[in-house]
Amino acid sequence: MVSPAGEAPSRHLTPAVPFMPAAPVRRSGSDHSRSLRLALAPALAVLTGVTILPFIFLVAISLTRFDLARPETWTDFSRPLAGYLRVAHDGRFFHSLVVQGKLSVATVALQLGIGLLGALLLNVRSRFITLLRVSLLLPMVLPPIVGAIIWKVLFEPEISPLNWLLGLLHLPQPAWLAKPGLALVAIVIADVWQWFPFPLLSVLAALQMIPIELYDAAHVDGATSPRVFWHIMLPYIRPTLFVVALFRLIDSIKAFPLIYVLTEGGPGTATEPTNYYAYLQGFSFGFIGYSSSMAFIMVVLTVALSLAMLRSLGRTVDVE
Amino acid sequence: MAADWRDQRMTRRDVLKGMTASTIGGVLVAASSNLASPGARATAAPAKPFAGKTIRVMMAGGPYWDVVSKLAPAYEEKTGIKVIVEQVGFTVLQQRLELELSTGTGGHDVVQMVMILIGRTIKAGWAADLTPFIKRDQYNLADFVPGTLKPFTQGDGLYALPWIPDSMTVVYRKDLFERAGVTRFPETLDEMLAVAPKIHTKETAFWTCENNWHWIWPLFLQSYGGNYFSKPPDDLTPAFNTPEAVRSAQIMVEMLAKYSLPNAVNIDIAGTQAAFQQGKAAVLLGGLAVVSGAMDKTRSTVTDRIAFTRVPKGPAGFFPQLAMHGYMIPAGSKQKEVAWEVIKWLASREVEMATVEDLNQLAQCRYSVLRDPKTRQRAIWGGVDVTKILQESMFRAGAGYMAYRTVPPFRPIGARVNVAFGEMISGQKSVKDALEAVQRDAIDILAQAGYPVKK
């Protein structure tokens, strides 16, 4: 075929449509990889500076017995595994892992459940629903410390509107943060309140991507609502649910302001997750080396958990 | 009739004229002062010896600093030193002190020396020794009650000037005691435990105190003959599982679990103060700075029914606890000379009296302030001189029984004690088990902090 200008057509010449980017010019393999390296270099430099170097520093410090009050310990690598051996014998550390596990499972499960339910209820077209969606964003956009203070007020028996309401209903008015079991429940409630909008909005977005024809077909076939949910909606939103669960799980391990403001890990250590315990060791007691050992173990556990979830997500998507 | 307003407007030329005139005037004034005799200059110079200097101070926040801020402009006018006080929460303060002092950044030239960090701070070399300044200026320490200086003294050095002596004191509701047929406040802890059920009701708890258990427990512990360590500060062998420790903890836990507020385990200073002010507890036990909040007529509904008294004693004696806080100069400060001037001012009679007058702040360190008629007038409540309770604590603490609190590894051990009491009060562990665990952990903590002891 000949072009209007009478030239032979070429794959690599100027595109037919003005302002369209030119097709990439194929270069030799080494040129290509050199270009890629150059393009990636700035990003890799930043990544190295802000993530990899601090992480290497964390690992190095975890091999020392660094105590802020004894500066000479900062380079004391004489017993590099002492911190890790101490962790292995530290009952409070293992207890903190259990607390972390309870908090993560409870908060992620409830956030996903409430988020999913809310998304199903809000998956209709209405101006009121649009307004409701916007208002549901509020807890999530509040700074975490503000959310924590709100709940502190709600859980303090002396001033709690929640307890006042319970009193009006002739129900018991518990000292929420003073009982070990209840204190954990209180933290779960506050965390779920703050973060359930994230799964809700994500799932809602996924629901709205489902082609309407599928619902029509199901309707024609006489499918009931549960069957529509199970066979049409759930397969579509499953990858979203996995990703949201992964994000929330990682975030739940990082949760700090709620613990700090509401209970400081108490009563006793009933609400002390691992990150709070590591923080106490490092910043309250000055044992930075030991705190770093715990932090490194937390990183390993979190990465392992995330990889397991990602692999599971990959299998789910492959199946579909 | 006044002239039209337009006639009174300043033109740009007027402004320029004014600026020129004032510049020339300023130059002339400066020149004339420079031309003055050397003798005149020598006398004029000390008027503002530190002109242009700024000193940053970091302290635990509170209304005290509002009073100091009011005095600061006059101090700046007099000395040329601008004092900026950064107020932070007490927990945050301790963490920031650790980081700032250990890195020697010199971000602040005057900081609070917290009692439980004294040993750690001095041993790590984070605090400047004030002795050379004191000797040079012949600074008078005799006006400070002796117990207030002791915690900051190590060897021949003095590492801080005292700020607030928080002496453990009791304020109680006379009306509730009388109604229960109790004519006086219990003198011993055993009596207190016996009286508690007569006064405790669902509406009004017998007593309340802040949940800083490593501060409250030693009153019980030492009164029953125990201590945190065998012989602090020299022998730090932990003594948390002794019979005295167990007995004292059992009494305290029983009193908290049965005769305190439902949220006793996690109530903080503000909460405990508010509970007493609102009539929800018959006894408030705590530092004088906390307890004296009961006198605040703007917040308290019970001011006309309260009385102050000493804390109860035990079979082993009378051990009113005393927490001292002070003003220190970080070793990393680059303006130690100016910081010393500021410390002298902050710890002065003038500043202490201002806080007495403006805040009813009775926890003071100077004899001259405690004996001042204005202080005494405020201190006498229901016939009891509250400052006498304080002075008695300061004198007794001078004997050294507070040494457990200033040993370098106190902070993590104190925090461990707090955890144990949380577990005991909320019923997660028995007193014996919880204290055995503290004993084991204290040995580990001491080893980690460089104080190995035999297991």
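Residues numbered from 1 in each chain as written. Chains lettered and ligands numbered in written order. Predicted model: local features only at pLDDT ≥ 70, side-chain atom pairs only at ≥ 80, totals over all residues. Heavy atoms only, no water.

Undergrad: Can you help me understand the interface of chain A and chain B in this one?
TA: Size of an interface: often given as the accessible area lost when the parts come together. At the interface, 27 residues of chain A touch 31 residues of chain B. For the pairing of chain A and chain B, the buried interface totals around 2500 Å² over both sides, and the portion due to carbon and sulfur atoms is 51%. Area buried by chain A at its contact with chain B is led by A:L68, A:E158 and A:F285, which between them contribute 23% of it. B:R120 is the partner of A:D67 in a salt bridge, and the nearest nitrogen-oxygen pair spans 3.3 Å. The interface formed by chain A and chain B contains nine residue pairs in polar contact (both at pLDDT 80 or more). (Contact = heavy atoms within 4.5 Å. Buried area = accessible area lost by both parts, 1.4 Å probe. Salt bridge = Lys/Arg side-chain N within 4 Å of Asp/Glu carboxyl O. Polar contact = N/O pair within 3.5 Å; in protein donor to acceptor, adjacent residues only side chain to side chain.)

Undergrad: Would you mind going over the packing of helix α11 (residues 213-223) of chain B against helix α12 (residues 243-259) of chain B with me for this structure?
TA: A pair of packed helices can be characterised by two numbers: the angle between their axes and the separation between those axes. All names here are of chain B. α12 packs onto α11 with a crossing angle of 120 degrees between their chain directions and a minimal axis gap of 9 Å. Taken together, the axis directions place α11 and α12 in an arrangement best described as oblique. For the crossing formed where α11 meets α12, the hand is right-handed. Residue-level contacts link W213, I216, W217, F220 and L221 of α11 to A245, S248, A249, I251, M252, M255 and L256 of α12. (Axes fitted to C-alpha atoms, helices over the stretch in contact; angles between N-to-C directions. Helix = DSSP H or I, 4+ residues; strand = E, 2+ residues; numbered from the N terminus. Parallel < 35°, antiparallel > 145°, perpendicular 65-115°, else oblique. Left-handed = near helix turned anticlockwise from the far one by under 90°.)

Undergrad: I'm lost on the environment of B:N241 in this one. Help?
TA: Residue and element names in this part refer to chain B. If you trace the backbone, N241 turns up in the loop between β9 (235-238) and α12. Overall, the relative accessible area of 31% leaves N241 in the partly exposed class. On a C-alpha basis, the gap between N241 and V302 in space is 40 Å, while along the polypeptide they are 61 residues apart. Excluding its chain neighbours within four sequence positions, the residues that come into contact with N241 are V246, L435, E436 and Q439. (Buried < 20%, exposed > 50% of the residue type's maximum accessible area, 1.4 Å probe, protein only.)

Undergrad: So what exactly am I meant to see when it comes to the nonpolar core here?
TA: Side chains of a nonpolar character, in soluble globular proteins, are inclined to be buried together. B:F177, B:F206, B:W207, B:W217, B:F220, B:Y327 and B:F421 are the most contacted members of the largest nonpolar core, which has 205 residues in total. Beyond its immediate chain neighbours, meaning those up to four positions away, B:F206 contacts B:F177, B:M192, B:V195, B:A196, B:I199, B:H200, B:M255, B:Y259, B:A281, B:A282 and B:V283. (Core = buried A, V, L, I, M, F, W, Y, C linked by side-chain atoms within 4.5 Å.)

Undergrad: Looking at this model, I keep getting lost on the confidence of the model for chain A. Mind explaining?
TA: Segments scoring low in pLDDT should not have their predicted coordinates read at a detailed level. Residues and elements named next belong to chain A. Scored by pLDDT, chain A comes out at a mean of 87, with 89% of its residues at no less than 70. Within chain A, the lowest mean pLDDT, 82, falls on helix α4 (residues 127-136), and the highest, 96, falls on helix α3 (residues 91-122). Predicted confidence for residues 1-20 stays below pLDDT 50, and this span has seven contacts to residues more than four positions away or in other chains. (pLDDT = per-residue confidence, 0-100.)

Undergrad: Would you take a moment to explain the confidence of the model for chain B for this structure?
TA: Residues and elements named next belong to chain B. Residues with a pLDDT of 70 or more make up 89% of chain B, whose mean pLDDT is 88. Here helix α1 (residues 5-8) stands out as the least confident element of chain B, with mean pLDDT 37; strand β7 (residues 205-208) is the most confident, with 98. With pLDDT under 50 throughout, residues 1-16 is counted as low confidence; its partners more than four residues away or in other chains account for three contacts. Note on residues 18-45: pLDDT is under 50 here. Beyond four places in sequence and across chains, it has three contacts. Interface confidence for the predicted complex, given as ipTM, is 0.78, next to a pTM of 0.83.

Undergrad: Is there a simple way to think about the pattern of salt bridges in this case?
TA: Pairs can form between side chains of opposite charge whenever their charged atoms are close. Residues and elements named next belong to chain A. By the definition in use, this model includes 29 salt bridges over all chains. The residue D31 makes a salt bridge to R34 at a minimum N-O spacing of 3.5 Å. One end of the pair, D31, and the other, R34, are both in helix α1 (residues 29-62), three residues apart, so they sit about a helical turn from each other. Judged by its relative accessible area of 31%, D31 falls in the partly exposed class.

Undergrad: Where do I start with the pairing of strand β3 (residues 110-113) of chain B in this structure?
TA: Remember that side chains alternate between the two faces of the sheet whenever the strand is regular. All names here are of chain B. Judged from the two bridges that link them, strand β1 (residues 53-60) and β3 form a sheet pairing that is parallel. When the bridges of β3 are listed, M58 appears paired with V111. Relative to strand β12 (residues 322-328), β3 runs antiparallel, the two being bridged by three bridges. Paired with V111 across the bridge in β12 is M328. (Pairing = 2+ DSSP bridges.)

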